[in-house]
Amino acid sequence: MIKTEKQPDYIGHRERLRQRFLLGDGKDMADYELLELVLTIALPRRDVKPLAKMLISRFESFAGVINAPKEELMSIPGVKENTVTILKVINVAAQRTSWQNLKSLDGPIIMNTDSLIDYCRSAMCYSDVEEFRLIYLDSKLHIIGQEIMQRGTINSVAIHPREVLKAAMAHHASSIIMVHNHPSGNVQPSKADVAMTERINEACASVGIHLLDHLILSRSESYSFAQYIKLGK
């Protein structure tokens, strides 16, 4: 009589996890369960549930894991280059999908500010340094492009009005939205933020470009200058 080798317990668990995902598109799954399913692709011959829970514990959420720096991911026991590659592919795919959806919107971006904030938050707010980004808009306030203008330090980023104007005109933008992140989590503008916004607003107005807004973002909060300053006048 030929004895069949018993399959590891995680094989059945993995199949049940896959079926749950297919039935509900993952909507009812905890972050660690969704991550566990992803990890089965990178590590098909081991139980990845402990690793998934370790990663969520370390980086706080599924979004935190896929946005984590490569070096920090590689420092976790059991995480190799193949795993990091798959996590980063998911991250890039999510950001690209979000950006392409924004560009394809029929209405003006001011009708979809939440979607813009969600995209910028995923693209910028997991960085440990400040980043200054420009969103370029046409005369109908449709997005036509974006550009990272500058990366700074943990608590500051410098940008000159001349650089903003040059970039906006090169993209034939009628309006722009400025966005930068605060890695500290506190989105209240500094005196330097206010002064920079006023200078750029004046410079844009002088050449007929509308500064629609300046957003300061963290992972959970946002601050809009448009609510308090008469921009583009």
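One can find the structure itself at the top, above this paragraph.
Residues numbered from 1 in each chain as written. Predicted model: local features only at pLDDT ≥ 70, side-chain atom pairs only at ≥ 80, totals over all residues. Heavy atoms only, no water.

With that settled, consider the packing of aromatic side chains. Following the criterion strictly, the structure yields two aromatic pairs and no others. Seen in terms of ring centroids, W99 and Y119 are 5.3 Å apart; in terms of plane orientation they differ by 40 degrees. Their pairing is tilted. Separated by 20 residues along the polypeptide, W99 in helix α6 (residues 81–103) and Y119 in helix α7 (residues 113–124) bring together distant segments of the chain. Accessibility assignment for this pair places W99 and Y119 in one class, buried. Here Y223 and F225 contribute two aromatic rings whose centre-to-centre distance is 5.3 Å and whose plane-to-plane angle is 75 degrees, an arrangement assigned as edge-to-face. With respect to class, Y223 is no different from F225; both count as buried. When the ring centre of Y32 is taken as reference, the NZ or CZ atom of K53 above it lies at 4.9 Å. (Phe/Tyr/Trp six-rings, centres within 6.5 Å; stacked < 30°, edge-to-face > 60°. Helix = DSSP H or I, 4+ residues; strand = E, 2+ residues; numbered from the N terminus. Buried < 20%, exposed > 50% of the residue type's maximum accessible area, 1.4 Å probe, protein only. Lys NZ or Arg CZ within 6 Å of the ring centre and 35° of its normal.)

Both faces of the sheet carry side chains from a regular strand, because those side chains alternate between them. Counting buried residues along strand β4 (residues 210–217), seven of its eight residues qualify, which places the element largely inside the surrounding structure. Bridge count for β4 against strand β5 (residues 222–224) is three bridges, and the pairing is antiparallel. The residue of β5 that forms the bridge with I216 is Y223. Joining the antiparallel neighbours β4 and β5 is a turn of four residues. (Pairing = 2+ DSSP bridges.)

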